[in-house]
Structure formats: C-alpha cells, structure tokens
Amino acid sequence: DLERRQTWTDARFGLMVHWGLPAIPAGIWHGRQVEGLTEWIQYKARIPLAEYRKLAEDFNPTSFSAREWVRMAAEAGAKYFVYTAKHHDGFAMYHSQVSDYNIVDATPFDRDPLAELAEACAEHGIMLGVYYSQMIDWEDPDAVGPQCNDWDFDPAQGDFHAYWRRKAAPQLREILTRYGDIGLMWFDMPSGIPEDCAQEAFDLVRELQPGAVINSRLGGGVAPDYTSMDDNYFNNLLPERDWETAATTNDSWAFAERGAGWKPVEGLCEALAYTVSRGGTCC
Ligand code: JFZ
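Residues numbered from 1 in each chain as written. Predicted model: local features only at pLDDT ≥ 70, side-chain atom pairs only at ≥ 80, totals over all residues. Heavy atoms only, no water.

Trainee: Would you mind showing me how to read the confidence of the model for the protein chain here?
Mentor: Atomic detail in the predicted coordinates should be set aside for any region of low pLDDT. When the pLDDT values of the protein chain are averaged, the result is 97; 100% of them are 70 or greater. What the predictor reports for the complex is a pTM of 0.98 with an ipTM of 0.96. (pLDDT = per-residue confidence, 0-100.)

This is the structure in structure tokens:
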C-alpha cells in the first residue's frame with residue numbers, strides 16, 4: 001500500500017484532460033448559453049438522449065495527437081495524465097465492446113484516444129490516470145441515483161445493479177486490462193453508490209492493476225488510497241493523509257465557447273505551489 005501511494009505522491013503534478021461530446025455544444029444549446037459546468041449541459045438543459053447522442057455523428061477531431069498532448073504535459077513538468085474514459089453522459093471515450101455508445105463505434109473518428117494516450121504516456125514515462133463516472137450515466141435507464149437522467153427515463157423503473165453488471169463493471173474491466181499500466185483510477189461521483197458495487201470496483205482495480213491508486217470519489221464506504229479534495233480547493237483545512245486537489249484552468253472542466261474565464265498563469269502557478277508545498281498533489 002505504502003509503495004503504491006508513494007509512487008502517487010511523488011508524482012505531485014498532473015494534467016487532467018476533460019474531453020468528450022460536450023466539447024461540441026461547449027456550453028451553448030440552440031443558441032442559448034446554459035449556465036454551469038459545460039460538461040453538465042445534457043443534464044442542465046434536459047436534452048433528450050435521442051438528440052444528445054446525435055452529437056457523436058459530428059465528433060471527428062482528426063487533428064488529435066496524443067503524442068503532442070502528452071509531450072506538452074511532460075514539458076510542463078506533469079508526472080501523470082488523467083483522461084475522461086467515461087463522463088456523466090455515459091459516452092465511452094475509448095473503444096468499448098460493452099456498449100456501442102463509444103468514440104469508435106458511434107463517431108466518424110474511428111480512433112481510440114485512450115490507446116494512443118496510453119502509448120504516449122508509456123513513451124514519456126508519464127503515469128496514466130483514468131477518470132470513470134461510475135455512478136452517474138445519463139445514457140443508461142438503470143443508472144438511477146442522485147442527478148440521474150429523469151427526463152428520458154423513469155427512475156422508479158431503474159435497477160442500479162442491472163446497470164452495474166451490464167455496463168459499469170465490464171467497462172472497468174476493459175479499461176483495466178486493455179491499456180497497459182494504469183497508475184490511477186479517478187472515480188467520480190461517490191454519492192449514492194451501493195457498497196457492494198464500490199467494493200467490486202475497488203477489488204477489480206486491486207486485482208487487475210495492483211500498482212494503481214484509487215481516489216476517494218469512489219464512495220460506498222471503501223477505503224481509498226487518498227482523499228480527493230473539492231474541485232479548486234485551496235484552503236488550509238487539510239486531511240492527515242495523502243490528498244489531491246483537481247483544479248480547472250477556467251470555470252469549467254470541458255471546453256467552453258464563451259465566457260470561459262481563463263485563470264491567469266500566475267494564479268495557476270500559485271495554486272500548484274500552494275498544493276505541493278502543503279504535501280498535496282495537483283491536477
Ligand atoms: C465532478 C463532475 O461532476 C464534474 O463534471 C467534473 O468531472 C469534476 C472533475 O468532478 O464535479 C465535482 C465533484 C465534486 C466536487 C465538485 C465538483 N466537490 O467535491 O466539490
């Protein structure tokens with residue numbers, strides 16, 4: 001346990017890339033600015049799934065270069081790289097065999113960014129972290145719980161364990177077995193997850209990637225390897241254990257078209273220095 005956590009705390013500084021279908025609307029739906037985090041647009045604007053999933057048809061980032069992203073991160077001094085394999089919209093940003101709601105089968109792009117990023121990280125000696133939204137999934141009628149999709153589906157009809165068995169657990173297994181060494185599993189969000197599901201996720205990570213740390217947003221009462229602080233947390237009340245602050249470079253995680261509110265470089269450097277000088281890790 002100590003060795004695993006040491007590798008993680010030694011990393012100190014990472015880059016989280018929050019990529020997915022929300023990059024297309026980028027905070028604007030039918031010409032209207034939707035308030036809140038841009039990756040929450042489907043939920044905030046109650047976009048019908050049938051309409052939202054059409055975004056995939058236009059998702060074709062042909063100039064994407066994993067090499068370039070990872071090289072930039074490495075040159076900036078980052079030691080780990082976190083990629084959103086599946087966010088709350090339920091869309092897999094890697095080639096999933098479990099659900100065809102994924103970047104290879106549902107878009108014209110036809111490439112697996114996670115595979116390319118994993119390769120680039122290995123080349124640069126960067127630790128690969130994978131973000132996975134285990135609880136919220138707006139595509140799956142059975143993923144019932146806090147902030148679930150109740151505009152397309154009736155939550156009373158949903159069975160969380162059915163979602164877990166059919167989609168979440170098998171996808172975690174794919175992620176943990178197909179992309180080489182993973183140093184960090186970044187789960188999100190903890191609220192409402194049944195204990196047995198969280199325990200299963202924990203056990204899967206330990207079994208298939210014994211070197212990987214697990215953040216505290218897995219939830220469900222399992223003991224994580226470190227505490228994820230609130231987003232953009234830069235206060236002096238700190239836990240007596242390993243911790244990480246994930247922070248944004250603007251007001252959102254996903255891309256924003258207007259009013260992004262980019263933070264000045266000095267502020268970002270200060271935030272990074274603040275965190276690492278207090279023994280934390282920052283991404
Ligand atoms: C979550 C997501 O909902 C969000 O879209 C993004 O992925 C972010 C990294 O994580 O948002 C959170 C989760 C927890 C807190 C704040 C935002 N928190 O504990 O303050």
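Trainee: Honestly, the sheet that holds strand 7 (residues 213-214) in this entry has me stumped. Any pointers?
Mentor: Within a sheet, each strand pairs with its neighbour through backbone hydrogen bonds, oriented either parallel or antiparallel. Across the sheet, which stays open at both edges, the 5 strands sit in the order 1-4-5-6-7 with parallel pairing between neighbours. The open sheet has two free edges, formed respectively by strand 1 (14-17) and strand 7, since each of these has just one partner strand. When strand 1 meets strand 4 (residues 80-86), the two strands line up parallel, connected through 4 bridges. From the neighbouring strand, leucine 15 faces strand 4, where its bridge partner is phenylalanine 81. Together, strand 4, strand 5 (127-133) and strand 6 (184-188) form the strand contacts of helix 6 (residues 160-178), whose direction differs from that of strand 5 by roughly 170°. (Pairing = 2+ DSSP bridges. Helix = DSSP H or I, 4+ residues; strand = E, 2+ residues; numbered from the N terminus. Contact = heavy atoms within 4.5 Å. Axes fitted to C-alpha atoms, helices over the stretch in contact; angles between N-to-C directions.)

Trainee: Is there a simple way to explain the site of the ligand in this structure?
Mentor: Lining the immediate environment of the ligand, one finds His18, Glu39, Trp40, His87, His88, Tyr131, Asp188, Met189, Arg217, Asp230, Asp231 and Trp253. In this structure, an oxygen atom belonging to the ligand sits 3.1 Å away from a side-chain N or O atom of arginine 217. In the complex, 80% of the free accessible area of the ligand, which totals 450 Å², lies under the protein chains. Considered class by class, the residues forming the shell around the ligand number 4 nonpolar, 3 polar and 5 charged. (Near = heavy atom within 4 Å. Polar contact = N/O pair within 3.5 Å; in protein donor to acceptor, adjacent residues only side chain to side chain. Areas by Shrake-Rupley, 256 points an atom, 1.4 Å probe, with all protein chains shown as cover. Nonpolar A, V, L, I, M, F, W, Y, C, P; charged D, E, K, R; others polar.)

Trainee: Looking at this structure, how should I read helix 6?
Mentor: Every α-helix winds through 3.6 residues per turn, so residues three or four apart in the chain are directed the same way. Its 19 residues give helix 6 an end-to-end C-alpha distance of 26 Å, which sits within 8% of 27 Å, the value for a rise of 1.5 Å per residue. The sharpest bend along helix 6 measures roughly 30° and falls at arginine 166, with the proline proline 170 sitting one to four residues further on. Of all the residues in helix 6, the buried ones are Phe160, Ala162, Tyr163, Trp164, Lys167, Ala168, Ala169, Gln171, Leu172, Glu174, Ile175 and Leu176. Buried positions along helix 6 lie against strand 4, strand 5, strand 6 and helix 7 (195-208). Looking one or two places after helix 6, you find glycine 180, whose phi comes out positive at around 75°. (Expected span 1.5 Å × (residues − 1). Bend = angle between axes of the 7 residues up to and from the residue. Buried < 20%, exposed > 50% of the residue type's maximum accessible area, 1.4 Å probe, protein only.)

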